[in-house]
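Analysis of the macromolecular model
Residue strings, one per chain:
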Amino acid sequence: MKNVISFDSARIAEGYKKRPFLHGQVIEQFTERIGQNRFHRGIDIGCGAGLSTKALRKICGHVTGMDSSGEMIQVAKEVLGEDPAVDFFVEKAENISRVSEQMDIVTAAGVVQWVDRDAFLKGLEPRMKEGGYLLVYDFGISDTMEENPSYTKWWKEWYLPHFPRPYRDEHQWNQEDVGKYHFRICFQDRITLKHPFSLDDFVEFMLIQSNVNARIEKEGLKLEEVREAFMHSLDRVFGKEKRVLIFQGYSWCFQKVTP
């Protein structure tokens, strides 16, 4: 699998910390769907800057966050603060051997498209309790802004031509994929979320998107020049007002079953 994004720099980690906290909405929808809103012990795999860990902590007595980037873990610790019920360590999603206790719930937000699915599920299987839940989800900015079709035009005619999407494995897991590791599908939903942005905040948000980072890292683009290009291209789209952007994504829930 190709992966040209390192996700291991202080700039990106700090930027992730400031992303919209939409993870909480996904967790709320999950608890409503399964009819359970409290768990004993959980792990947040690919925790990034800790926003997904923060969301899981709202429904879980103790949470472990893990990520392959030490820079991300440092920022995640800042986001969660001095919480004795949260700990972190640096490790790849496919290798969770350092987790000794079995989990009631595992979340993986924005991570599975970058990992080896079979290695991930194989490592996870013995570390989950029977009946435990695996919640895999992700969401991203879309080509839609509320009441502003000029944004969609900008997206298609300026953004994607300048910053095409890098490769990612977007295969939707089916029962055959997960069944051999003793999981069953509970639901697989498409989700829509909203968040208001000022022009400045939106540009900073876009500067940490994988599309943009791929070109910055691969071609050595200067960050300030990229920022100025975004500001110039979006000035007439935003004006002086905050605008509501639409995020699209998915939420997949799996449950560990008896072998």
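Note: the structure precedes this text.
Described below are features of the structure shown in this document. (Residues numbered from 1 in each chain as written. Predicted model: local features only at pLDDT ≥ 70, side-chain atom pairs only at ≥ 80, totals over all residues. Heavy atoms only, no water.)

**Structural notes on the packing of aromatic side chains**
Scanning the entire structure with this criterion turns up 29 aromatic pairs. Between phenylalanine 120 and tryptophan 173, the ring centres sit 6.3 Å apart and the planes meet at 50 degrees, which makes this aromatic pair tilted. You can see phenylalanine 120 sitting in helix α5 (residues 117–124) and its partner tryptophan 173 sitting in the loop between α6 (149–162) and α7 (175–179), a full 53 residues away along the chain. What makes phenylalanine 120 buried here is its relative accessible area of 1%. Centre to centre, the rings of tyrosine 151 and tryptophan 155 are 6.1 Å apart; their planes meet at 50 degrees, and the pair counts as tilted. Residue tyrosine 151 and its partner tryptophan 155 are located together in helix α6, separated by 4 residues, close to a single helical turn. Each of the two residues, tyrosine 151 as well as tryptophan 155, counts as buried. Geometry around phenylalanine 187 places arginine 33 over its ring, the cationic atom sitting 4.4 Å from the centre. Of note, lysine 54 hangs over the ring of phenylalanine 21, and the distance from its end group to the ring centre comes to 4.8 Å. (Phe/Tyr/Trp six-rings, centres within 6.5 Å; stacked < 30°, edge-to-face > 60°. Helix = DSSP H or I, 4+ residues; strand = E, 2+ residues; numbered from the N terminus. Buried < 20%, exposed > 50% of the residue type's maximum accessible area, 1.4 Å probe, protein only. Lys NZ or Arg CZ within 6 Å of the ring centre and 35° of its normal.)

**Brief notes about the side chain of aspartate 104**
With respect to the helices and strands, the residue aspartate 104 is situated in strand β4 (residues 103–109). Look at aspartate 104 and you get buried, because its relative accessible area is 14%. Looking at aspartate 104, its side chain comes within polar contact range of the main-chain nitrogen of arginine 41, at 2.8 Å. Beyond its immediate chain neighbours, meaning those up to four positions away, aspartate 104 contacts Phe39, His40, Arg41, Lys129, Gly132 and Tyr133. (Polar contact = N/O pair within 3.5 Å; in protein donor to acceptor, adjacent residues only side chain to side chain. Contact = heavy atoms within 4.5 Å.)

**Details of the pairing of strand β5 (residues 128–145)**
One ladder, built from 6 bridges, connects β4 with β5; its direction is parallel. Across the sheet, the residue bridging to methionine 103 is methionine 128, located in β5. Handedness of the crossover joining β4 and β5 through α5 is recorded here as right-handed. With 10 bridges joining them, β5 and strand β7 (residues 243–256) adopt antiparallel strand pairing. Opposite leucine 134, over in β7, you have phenylalanine 254 as the bridge partner. (Pairing = 2+ DSSP bridges. Right-handed = clockwise from strand over helix to strand, strands pointing away.)

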